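Chain by chain, the residues:
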Amino acid sequence: MNASKDTIVVNANVEMTTRSLQTIVENAKKRAGRDEKGVYRVDTADKVSEMISRFLLEKDFEGYVINYE
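The rules behind the values
Residues numbered from 1 in each chain as written. Predicted model: local features only at pLDDT ≥ 70, side-chain atom pairs only at ≥ 80, totals over all residues. Heavy atoms only, no water. Helix = DSSP H or I, 4+ residues; strand = E, 2+ residues; numbered from the N terminus. Expected span 1.5 Å × (residues − 1). Phe/Tyr/Trp six-rings, centres within 6.5 Å; stacked < 30°, edge-to-face > 60°. Buried < 20%, exposed > 50% of the residue type's maximum accessible area, 1.4 Å probe, protein only. Salt bridge = Lys/Arg side-chain N within 4 Å of Asp/Glu carboxyl O. Axes fitted to C-alpha atoms, helices over the stretch in contact; angles between N-to-C directions. Parallel < 35°, antiparallel > 145°, perpendicular 65-115°, else oblique. Left-handed = near helix turned anticlockwise from the far one by under 90°. Contact = heavy atoms within 4.5 Å. Nonpolar A, V, L, I, M, F, W, Y, C, P; charged D, E, K, R; others polar.

Peer 1: Whenever I open this one, helix α1 (residues 18-32) confuses me. Can you help?
Peer 2: An α-helix turns once per 3.6 residues; consequently, residues spaced three or four apart project the same way. Here α1 spans 21 Å end to end across 15 residues, near enough to the 21 Å set by a 1.5 Å rise per residue. After α1 finishes, the residue Gly33 shows a positive phi value of roughly 75°.

Here's what the structure looks like:
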């Protein structure tokens, strides 16, 4: 995701509000659009992962865990 940071992919269960998940799915579908058969071709689970990863990098999760007590 971020070429300037040394990162790995971790599979985890993440608790979030249903509204957050619904919004991610709605926005992913809007961006992807429908194909010729009217079907959305977007992996919404990948979008959830992408958004959480981006949030963690932008909000300095590394700094948070270093200072966590």
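Peer 1: Even after reading the chapter, I still don't get the packing of aromatic side chains, so can you show me in this structure?
Peer 2: Any two aromatic rings considered together are summarised by their centre-to-centre distance and by the angle between their planes. Counted by the stated rule, this structure contains two aromatic pairs. On the numbers, 5.8 Å between centres and 55° between planes, the contact of Tyr64 with Tyr68 is tilted. Tyr68 gets classed as exposed once you look at its relative accessible area, which sits at 56%. Among the aromatic residues, ring-to-ring pairing joins Phe61, Tyr64 and Tyr68 into one connected group.

Peer 1: Explain the environment of Ala12 here, please?
Peer 2: Within the element layout of this structure, Ala12 appears in the segment before α1. Spatially, the C-alpha atoms of Ala12 and Ile52 are 11 Å apart, while their sequence positions differ by 40 residues.

Peer 1: I'm lost on the pattern of salt bridges in this one. Help?
Peer 2: When the charged atoms of two side chains with opposite charge come close together, those side chains can pair. According to the stated counting rule, one finds four salt bridges in the structure shown. As a salt-bridge pair, Glu62 and Lys5 come within 3.8 Å of each other at their nearest N and O atoms. Placement of Glu62 in helix α3 (residues 61-66) and of Lys5 in the segment before α1 is noted, with a sequence separation of 57 residues between them. Glu50 is the partner of Lys47 in a salt bridge, and the nearest nitrogen-oxygen pair spans 3.6 Å. One end of the pair, Lys47, and the other, Glu50, are both in helix α2 (residues 44-58), three residues apart, so they sit about a helical turn from each other. Look at Glu50 and you get partly exposed, because its relative accessible area is 42%.

Peer 1: What's the story with the packing of α1 against α2 in this structure? I'm lost.
Peer 2: Packing of α1 against α2 brings their axes to within 10 Å, and their N-to-C directions diverge by 115°. With respect to α2, the axis of α1 lies roughly perpendicular. Read as a crossing pair, α1 and α2 show a hand that is right-handed. Between α1 and α2, the contacting residues are Leu21, Ile24, Val25 and Ala28 on the first element and Thr44, Lys47, Val48 and Met51 on the second. Residues belonging to the contact of α1 with α2 are distributed by class as follows: six nonpolar, one polar and one charged.

All quantities given are derived from atomic positions and should not be read as evidence of function.
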